[in-house]
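# Residue-level structure breakdown
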Amino acid sequence: LYRVLSIVSGLFVVVGIFGVYSGLTSRHVLTVDGSGISAPRSGFSREATRMEFVEIADVQIIEFKRQVMLSLVPRQGRKLVIMQGWLPDKAAFQAVLDAVDAALRRLHG
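So, here's what we can say about the structure. Everything numeric here is computed off the predicted structure, so don't read it as measured data.

Strands sit in the order 4-5-6 across an open sheet of 3 strands; the sheet is antiparallel. Each edge of the open sheet carries a strand with a single partner, namely strand 4 (56–64) and strand 6 (80–83). Shown here is a sheet whose adjacent strand axes are inclined to one another by a mean of 20°, direction ignored. Here 8 bridges tie strand 4 to strand 5 (residues 67–74), and the two strands are oriented antiparallel to one another. Within the sheet, the bridge partner assigned to I56 lies in strand 5 and is P74. In the packing of helix 2 (residues 90–108) onto the sheet, contacts are made with strand 4, strand 5 and strand 6, and the angle to strand 5 comes to roughly 25°.

For the rest of this paragraph, the subject is the pattern of salt bridges. Under the defined criterion, the tally for this structure stands at 3 salt bridges. Of the charged contacts, one joins R50 and E52 as a salt bridge, the two residues approaching to 3.0 Å between their closest N and O atoms. On the accessibility criterion, R50 (33% relative accessible area) is partly exposed. Note on E52: relative accessible area 25%, which makes it partly exposed.

Core analysis: the largest hydrophobic core is formed by 17 residues, its most contacted members being I37, L70, L72 and V100. The element that contributes the greatest number of residues to this core is helix 2, accounting for 6 residues. Each residue touching L70, except ones within four places of it in the same chain, is listed here: V59, Q60, I61, L80, V81, I82, F93, V96, L97 and V100.

Next up on the list: the sheet that holds strand 3 (residues 48–52). Each strand in a sheet pairs with its neighbour through backbone hydrogen bonds, running either in the same direction (parallel) or in the opposite one (antiparallel). Sheet architecture is open: 3 strands sit in the order 1-2-3, paired in antiparallel fashion. The sheet is open, and its two borders are formed by strand 1 (31–32) and strand 3, each paired with just one other strand. Bridge count for strand 1 against strand 2 (residues 36–40) is 2 bridges, and the pairing is antiparallel. Note on strand 2: the bridge partner recorded for T31 is S38.

What counts and what doesn't
- All residue numbers here refer to positions counted from 1 along the written sequence of the relevant chain.
- Reporting in this predicted model follows two pLDDT cut-offs: at least 70 for local features of residues, and 80 or more for side-chain atom pairs to be given and counted; totals over whole chains, interfaces and linings ignore these cut-offs and use all residues.
- Only hydrogens and water are set aside when side-chain values are computed; all heavy atoms of the structure are taken into account.
- DSSP-based pairing: two strands are paired if at least 2 bridges between them are found.
- Here a helix means four or more residues in a row that DSSP labels H or I, a strand means two or more in a row labelled E, and each is numbered from the N terminus.
- Axes here refer to lines fitted to C-alpha atoms; in helices the fit is confined to the stretch in contact. Angles between the N-to-C directions go from 0 to 180 degrees.
- Contacts are residue-level and defined by heavy atoms, with any inter-residue pair within 4.5 Å sufficient.
- The term salt bridge refers to a pairing of a side-chain nitrogen on Lys or Arg with a carboxyl oxygen on Asp or Glu at a separation within 4 Å.
- A simple rule labels every residue: compare its accessible area, found with a 1.4 Å probe on the protein chains alone, to the largest value its type can have, and call it buried under 20%, exposed over 50%, or partly exposed in between.
- Buried Ala, Val, Leu, Ile, Met, Phe, Trp, Tyr and Cys residues that are joined via side-chain atoms within 4.5 Å together make up what is termed a nonpolar core.

Next comes the structure, spelled out in structure tokens:
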């Protein structure tokens, strides 16, 4: 029983180390264009998720324990959360906010 528990625990450690390593070494790319935004679904995700501006039902700025996040809630599907810490500085985060705000104003008048 103890051998099985130690093997299972060791596997969890190996998977955890791999997850942290891949999260730290993977390239996270955020792009905003005229029709939508592409960003990683999470800090450990390697592939970007695309959300068109016409799909966005609500935009929220969330502050939790001094971490600021932009939450894009679609009409259907999963929301996309962009954390300020993923970007180089506060000015880059503000530029993303401004671009999303301008695109939504253009769509909805």
